[in-house]
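# Summary of structural features
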Amino acid sequence: MFADPITQSVIVPAVAALVLMAAIRLALGDKGDETPPLATAAIPIAFLTAYVVTLGLPPYPPRASSQKLAYVALIGLTLGIALDLIRPKGPAWLVPLAGVAWPAVIAIWLAWPKLKGFDLFAVFTVAMLWIGGALAFLRLSRLRAKEPYSLAPGILLLIGSVGAAGLGFHFASIAMAQLAGALAAAVSAALLWNWIAVILRPDGPLPFGRGAVFGSTSALFAIVTILGLYTETSLWVLLFLVPIFFAHLVFGERPGGDGLFARAFRPVLLLVVGSVPLLLLGSVVMVLSILTAT
Amino acid sequence: MHSQTISALAVATALCVAGLSAQAADTFKVDPDHTNIIFSVNHLGYSDMFGQFNKFEGEFVFDDQDVSKSKVSIVVDTASVDTDHQKRDDHLRSPDFFNASEFPEMTFTSKSIEKTGDNTGKINGELTMLGVTRPISLDVTFNKKAPHPLPQYNGVLVAGFSARGSVKRSDFGMKYGVPNLGDEITFFIEVEGHKK
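An account of the accompanying structure is given in this report. (Residues numbered from 1 in each chain as written. Chains lettered and ligands numbered in written order. Predicted model: local features only at pLDDT ≥ 70, side-chain atom pairs only at ≥ 80, totals over all residues.)

## Quick notes on the interface of chain B and chain A
What counts here: Contact between residues is assigned whenever the C-beta positions, reconstructed from backbone atoms, fall within 7 Å. A run of H or I in DSSP becomes a helix once it reaches four residues, and a run of E becomes a strand once it reaches two; helices and strands are each numbered from the N terminus. Note that Gly is not counted as nonpolar here; it falls among the polar residues with everything else outside the nonpolar set of Ala, Val, Leu, Ile, Met, Phe, Trp, Tyr, Cys and Pro and the charged set of Asp, Glu, Lys and Arg.
Between chain B and chain A, the residue contacts involve 17 residues of the former and 19 residues of the latter. Per-element accounting of the side of chain B that touches chain A gives the leading share, three residues, to helix H2 (residues 86-93) of chain B. Looking at the side of chain B that touches chain A, its residues break down into five nonpolar, seven polar and five charged.

Here you go:
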């Protein structure tokens, strides 16, 4: 039943995200600012569910990078939830510090088999991936802090996940493509929930908690790092994913105001604009493929 | 005089025994031109797909007087996987399967060898794949040990064997596609070695 790739990477994560979001929301109720961010932690949990359905339970300790990926998502989720709980009273620099340090830890851990062999290209690749990852973590954390009810972090993660899925599919790691697809499906389910909610009222959506930001971004960053280190995917091609996380800067504050029409179509507009780097990425991959073939 | 003769005989006997045992346990280097490491895996239940590894090196000690003293070690370059289909080979090299960039080598080392028939035996050893080491048993048939008949080989002693065995890939953490793509990998190994 779960052996079908579409079930593994679309149906399971989407259904799991919706059911878990509803369950967490119902179980914890609305207790002010602290509880609602936990509901979107359903996204990384749904991703982990899809991981288990696709690749089975990862062993402990993990040996291969694809096994470390599950632990990265789980630790990222835990770190994010901890930051959500600590942050209201904790220092302001805590989240940015985590946004810079955590992707470095992920990249070094995943690249360790190459780094311990003093592979200079691997060191350069890890450094570049870390910069790209840190920018994504910082940007999404900033968006989440600025507009907790905004759909923007989810939309940017969705576009990034679709890009990673496409690269995984093109560069022969179908498992990574499926897992990136699973992340996209889980984020899409949460976005659908929140899009309907935002149409109904501006503060209707379940806020994108740091558990969702750190758990999902960790999973995406780990997938991209695995593609960059252990497949034929070019580092330069992967760096095209970074501008996606800045698409929101194209707009001013709440373009179109707070009317029903603006609330309904602002996320769609961001989805379109954020997809431009993805189209560029697709074109570059196509040109490179043609050049390589000739 | 008598004691000198006995001593001479003892030395001669010792030398002969040493010579015989050196002859009985020869070390051979695997000849990659006449060795095949082939595997098969079930494809969606329709058929068994075959592939092979093109790059490997290894050696074996073969003692035909006491087979239990024989031993084998082989290192396979996982990036050399070849199923006669470029896209499929790229996929097999990816983190989904052999993960060749992260785990460039797959190794087999024998731990014990037992004789099961006139020309057959069982090699119990350890296969390390994807950083995981698991026991594996290979059924082996001794085919021939004789000087190479072609003049360009200068009469080098050659030994040849056939081995068969199987592993569950999920035991090594290679779980992608199970059960659609078979869990069991069957090995078909034909090996020739030249005496070092």
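## Notes on the nonpolar core
Residue and element names in this part refer to chain A. Keep this limit in mind: Core membership is restricted to buried Ala, Val, Leu, Ile, Met, Phe, Trp, Tyr and Cys residues, and these are joined into a nonpolar core through C-beta atoms within 7 Å. Partly exposed residues are those whose C-beta has more than 12 but fewer than 20 other C-beta atoms within 10 Å; 20 or more makes a residue buried and 12 or fewer makes it exposed, with C-beta atoms placed from the backbone.
Ranked by size, the top nonpolar core spans 127 residues in total, and within it Ala17, Phe47, Ala186 and Ile223 carry the most contacts. Here the element with the most residues in this core is helix H8 (residues 174-200); it accounts for 17 residues. Not counting residues within four places of it along the chain, the set of residues in contact with isoleucine 223 comprises Leu69, Ala164, Met176, Leu179 and Ala180.

## A few points about the packing of helix H7 (residues 152-170) of chain A against helix H12 (residues 276-293) of chain A
Residues and elements named next belong to chain A. Basically, it comes down to this: Here an angle of 0 to 180 degrees is reported between the N-to-C directions of two axes, which are lines fitted to C-alpha atoms, with helices fitted over the stretch in contact. Each angle gets one of four labels, with under 35 degrees taken as roughly parallel, over 145 as roughly antiparallel, 65 to 115 as roughly perpendicular, and the rest as oblique.
At a minimum axis distance of 10 Å, the contact between H7 and H12 shows a crossing angle of 10°. Considering the angle they form, H7 stands roughly parallel to H12. Listed contacts from H12 to Ile159, Val162, Gly163, Gly166 and His170 of H7 are Leu278, Leu281, Gly282 and Val285. Here the residues of the contact of H7 with H12 sort into five nonpolar, four polar and no charged.

## Digging into unusual backbone geometry
In this structure, proline 61 of chain A follows tyrosine 60 of chain A across a cis peptide bond, with omega equal to 0°. Along the chain, proline 61 of chain A turns up in the loop between helix H3 (42-55) and helix H4 (65-86). With omega at 10°, the peptide bond leading from valine 178 of chain B into proline 179 of chain B counts as cis. Relative to the assigned elements, proline 179 of chain B resides in the loop between strand E10 (157-168) and strand E11 (181-195). Backbone geometry places aspartate 84 of chain B, a non-glycine residue, at a positive phi of 65°. Of note, aspartate 84 of chain B is situated in the loop between strand E6 (81-82) and H2.

## Focus on the pairing of strand E2 (residues 36-43) of chain B
Residues and elements named next belong to chain B. What counts here: Paired strands are those between which DSSP finds at least two bridges.
Relative to E11, E2 runs antiparallel, the two being bridged by seven bridges. Bridge pairing links serine 40 to threonine 186 in E11. The sheet contact formed by E2 and strand E3 (residues 47-53) spans seven bridges and is antiparallel. Note that in E3 the partner of serine 40 across the bridge is phenylalanine 50. Following E2, the chain reverses through three residues before pairing antiparallel with E3; leucine 44 in that reversal takes a positive phi of roughly 55°.

## Observations regarding the packing of H7 of chain A against helix H11 (residues 260-274) of chain A
All names here are of chain A. Under the convention used in this document: Crossings are sorted by hand: turned counterclockwise from the far helix by less than a right angle, the near helix makes the crossing left-handed, and turned clockwise it makes it right-handed.
Two numbers describe how H7 lies on H11: the axes approach to 10 Å, and their chain directions differ by 35°. The hand of the H7/H11 crossing is right-handed. Seen from H7, the contacting residues are Ala152, Ile155, Leu156 and Ile159; seen from H11, they are Pro267, Leu270, Leu271 and Gly274.

## Quick look at the environment of valine 287 of chain A
Residues and elements named next belong to chain A. Structurally, valine 287 is set in helix H12. A tally of 10 C-beta atoms within 10 Å means that valine 287 is categorised as exposed. Sequence separation between valine 287 and glycine 154 is 133 residues, and the spatial gap between their C-alpha atoms is 30 Å.

## Side note on the pairing of E10 of chain B
Residues and elements named next belong to chain B. Strand direction decides the pairing type here: strand E9 (residues 132-147) and E10, joined by eight bridges, are antiparallel. Residue pairing in the sheet places lysine 144 in a bridge with glycine 160 of E10. Looking at chain direction, E10 and E11 are connected through 11 bridges and run antiparallel. Its bridge partner being in E11, glycine 165 is matched across the sheet by phenylalanine 187.

Remember, this is a structural readout, not a statement about activity or role.
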